[in-house]
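# Remarks on the overall topology
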Amino acid sequence: MVAESSMFHIASSKGASLLQTLDLSDCQHVNDGLIIPLLKACSSLKSLSLSGNRNITDESASALPPNVQRLFLDHCPGITDRSIVVLASRCVRLSDLDLRSNSSVSDTGLNVLLEGATNLERLDIRGCAVSGALTERIKKQVGPIVEG
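Residues numbered from 1 in each chain as written. Predicted model: local features only at pLDDT ≥ 70, side-chain atom pairs only at ≥ 80, totals over all residues. Heavy atoms only, no water.

Of all hydrophobic cores here, the largest spans 43 residues; its most connected members are Ile-35, Leu-71, Leu-87, Leu-97, Leu-99, Leu-110 and Leu-113. Elements that contribute at least two residues to this core include exactly helix H2 (32–41), helix H4 (81–90), helix H5 (107–116) and helix H6 (132–141). It is H2 that contributes the most residues to this core, 5 residues altogether. Apart from residues no more than four positions distant in its own chain, Leu-113 is found in contact with Ile-84, Leu-87, Ala-88, Leu-94, Leu-97, Leu-120 and Leu-123. (Core = buried A, V, L, I, M, F, W, Y, C linked by side-chain atoms within 4.5 Å. Buried < 20%, exposed > 50% of the residue type's maximum accessible area, 1.4 Å probe, protein only. Helix = DSSP H or I, 4+ residues; strand = E, 2+ residues; numbered from the N terminus. Contact = heavy atoms within 4.5 Å.)

Quick look at empty space enclosed by the protein now. The final tally for this structure, using the stated rule, is 1 cavity of 30 Å³ or more. Empty space within the largest cavity amounts to approximately 50 Å³. Along its surface, the largest cavity is lined by Leu-39, Leu-50, Ile-56, Thr-57, Ser-60, Ala-61, Leu-64, Leu-73 and Ile-79. Residues of the lining of the largest cavity, tallied by class, amount to 7 nonpolar, 2 polar and no charged. (1 Å grid on protein atoms, 1.4 Å probe; cavity = no way out; pocket = protein on both sides within 12 Å on 5 of 7 lines; lining within 4 Å. Points joined across faces, edges and corners; volume = space filled by probe spheres on them. Nonpolar A, V, L, I, M, F, W, Y, C, P; charged D, E, K, R; others polar.)

Once that is clear, we can look at H4. Residues of H4 that are buried include every one of Asp-81, Ser-83, Ile-84, Leu-87 and Ala-88, and no others. Down the axis of H4, the sector holding all buried residues measures 155°, keeping them to one side. Seen from the open side of H4, the exposed residues pointing more than 90 degrees away from its buried face are Arg-82 and Ser-89. Contacts made by the buried residues of H4 are with helix H3 (58–61), strand E3 (70–72), strand E4 (96–98) and H5. (Arc of directions from axis to C-beta.)

It is worth spelling out unusual backbone geometry at this point. Peptide bonds are, in most cases, trans, and in most cases residues other than glycine have a negative phi. Of note, the phi angle at Asp-26 is positive, near 55°, even though the residue is not glycine. Structurally, Asp-26 is set in the loop between strand E1 (21–23) and H2.

Turning our eyes to something else, we now look at the environment of Val-85. As for its placement among the helices and strands, Val-85 is situated in helix H4. Residues Val-85 and Gly-109, 24 residues apart in the sequence, show an inter-C-alpha distance of 5.4 Å. Val-85 has contacts with Gly-109 and Val-112, leaving out every residue within four places of it along the chain.

By the definition in use, this model includes 9 salt bridges. In this structure, the salt-bridge partner of Arg-137 is Glu-115, at a minimum N-O distance of 2.4 Å. Here the residue Arg-137 occupies a position in helix H6, and Glu-115 occupies one in helix H5, the gap between them amounting to 22 residues. Using a relative accessible area of 56% as the deciding quantity, one classes Glu-115 as exposed. A salt bridge links Lys-139 to Glu-136, with the nearest nitrogen and oxygen atoms 3.6 Å apart. One end of the pair is Lys-139 and the other is Glu-136, both in helix H6 and 3 residues apart, which spans about a single turn. (Salt bridge = Lys/Arg side-chain N within 4 Å of Asp/Glu carboxyl O.)

With respect to the helices, strands and loops of the structure, Leu-39 is situated in helix H2. Here Leu-39 falls in the buried class, since its relative accessible area comes to 2%. Along the backbone, Leu-39 and Leu-64 are 25 residues apart, and their C-alpha atoms lie at a distance of 5.8 Å.

It is worth spelling out the environment of Asp-96 at this point. Its location among the elements puts Asp-96 in strand E4. Residue Asp-96 is classed as buried on the basis of its relative accessible area, which comes to 10%. Spatially, the C-alpha atoms of Asp-96 and Asp-124 are 8.5 Å apart, while their sequence positions differ by 28 residues. Once residues lying within four places of it in the same chain are set aside, the contact partners of Asp-96 are Gln-69, Arg-70, Leu-71, Phe-72, Leu-120 and Arg-122.

Purely geometric stuff here, so don't read any function into it on its own.
Rendered as structure tokens:
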């Protein structure tokens, strides 16, 4: 378990800007107030997992470093189309995105994402509110996707 004090220590350390991979999956105490300063300090972050963090919301998306290529936001019910729109303009290098089991992610956000995230190679949308037409568009533009 990652302690709150550990997150503040990482965020305030000189090495935070060099961190490239961060996995905070299933850290139930992690929330926007803790993760936003950490994300702002980790400017070189390329891979981030916040999977299963029920207290992460759209606020955190605005702090994501633009270099993020792999992002795991599955099972984060506070993530909505608003986050996806931010990802489309902020994280243009994004190649791998897991949005599994986020029922507030829909065609609205994903259509914007497809316009902005042109490097996307993998997209997991199982459990999202996605139409059949958009699923077909994703298959054509991104390639094989994880769905269901």
